[in-house]
Amino acid sequence: MSATRPYSPGDHGPGSGDEPAAGDRRVRRLSLDGESGIVPLARDFTREALQAWGWLPAESADRRAAAEDVLLVVSELVTNACLHAEGPDEIALFYGDSPANKVLRIEVTDHGAGEPAPRTPHRAGRPGGHGMFIVQRLCLDWGVVRTPGVAGKTVWAEVGAPA
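All figures in this text were calculated on a predicted structure; none of them were measured in a lab.

The next point concerns the confidence of the model for the chain. Chain-level pLDDT for the chain is 84 on average; 80% of the residues reach the 70-or-more range. Looking over the chain, one finds the lowest element-wise mean pLDDT in helix H3 (residues 131-138), namely 91, and the highest in helix H1 (residues 38-52), namely 97. Scored below 50 in pLDDT, residues 8-21 makes 23 contacts in the model with residues more than four places away or belonging to other chains.

Because an α-helix packs 3.6 residues into every turn, residues spaced three or four apart end up facing the same way. With 15 residues, H1 extends 21 Å from end C-alpha to end C-alpha; this agrees with the ideal 21 Å at 1.5 Å per step. Among the residues of H1, those classed as buried are Ile38, Ala42, Phe45, Thr46, Ala49 and Leu50. The buried residues of H1 all sit within an arc of 140° when viewed along its axis, so they share a single face. Next to the buried residues of H1 lie strand S1 (25-31), helix H2 (61-84), strand S2 (88-96) and strand S3 (103-110). Positive backbone phi, at 85°, marks Gly54, one or two positions downstream of H1.

If you trace the five strands from one edge of the open sheet to the other, you get S1-S2-S3-S5-S4, paired in antiparallel fashion. Of all strands in the sheet, those bounded by a partner on one side alone are S1 and strand S4 (141-145). Adjacent strand axes in the sheet meet at a mean angle of 15°, parallel and antiparallel pairs treated alike. Across eight bridges, S3 lies against strand S5 (residues 153-160) in antiparallel orientation. Counted as the bridge partner of Ile106 is Ala157 from S5. The strands touched by H1 within the sheet are S1, S2 and S3, with S1 carrying the most contacts at an inclination of about 160°.

What follows deals with H3. Within H3 the residues assigned to the buried category are Gly131, Met132 and Val135. For H3, the buried positions fall inside an angular range of 90° around the axis, keeping them on one side. Contacts from the buried residues of H3 go to H2, S4 and S5.

What counts and what doesn't
Residues numbered from 1 in each chain as written. Predicted model: local features only at pLDDT ≥ 70, side-chain atom pairs only at ≥ 80, totals over all residues. Heavy atoms only, no water. pLDDT = per-residue confidence, 0-100. Helix = DSSP H or I, 4+ residues; strand = E, 2+ residues; numbered from the N terminus. Contact = heavy atoms within 4.5 Å. Expected span 1.5 Å × (residues − 1). Buried < 20%, exposed > 50% of the residue type's maximum accessible area, 1.4 Å probe, protein only. Arc of directions from axis to C-beta. Pairing = 2+ DSSP bridges. Axes fitted to C-alpha atoms, helices over the stretch in contact; angles between N-to-C directions.

Put into structure tokens, the structure is as follows:
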């Protein structure tokens, strides 16, 4: 898993199918700029998307676990933006439900200059600093996208869809 690659394998970045009308890929975006209660707001937004996309209500323990993983990853990414980057500007969810693209991509955009990374070495008993370790463990892949000349970044993470 990488924090330096801007896109996962097979994803060639913006314009490669991440628009609402493109193929079988579904997109939902929520502006978080200036909002209060951002973490619960982002979780509720994600829960609604998971319901619309058939992940919830879960038909099995595996499906329920996958949905809970997505909600936890959203919480961690949004919390990191709150703690380390003056808060998130936007959360975007991308989901392709074709057999070849059963991945949910989460993107959280902020104005921060820092580089998220799992705390090394990871110490389970130490308070705080577990967010990116959790993201790394639960996701297929994750990384950071930066646009030259523009402040901030987009932290993305991908979770495999349940069977």
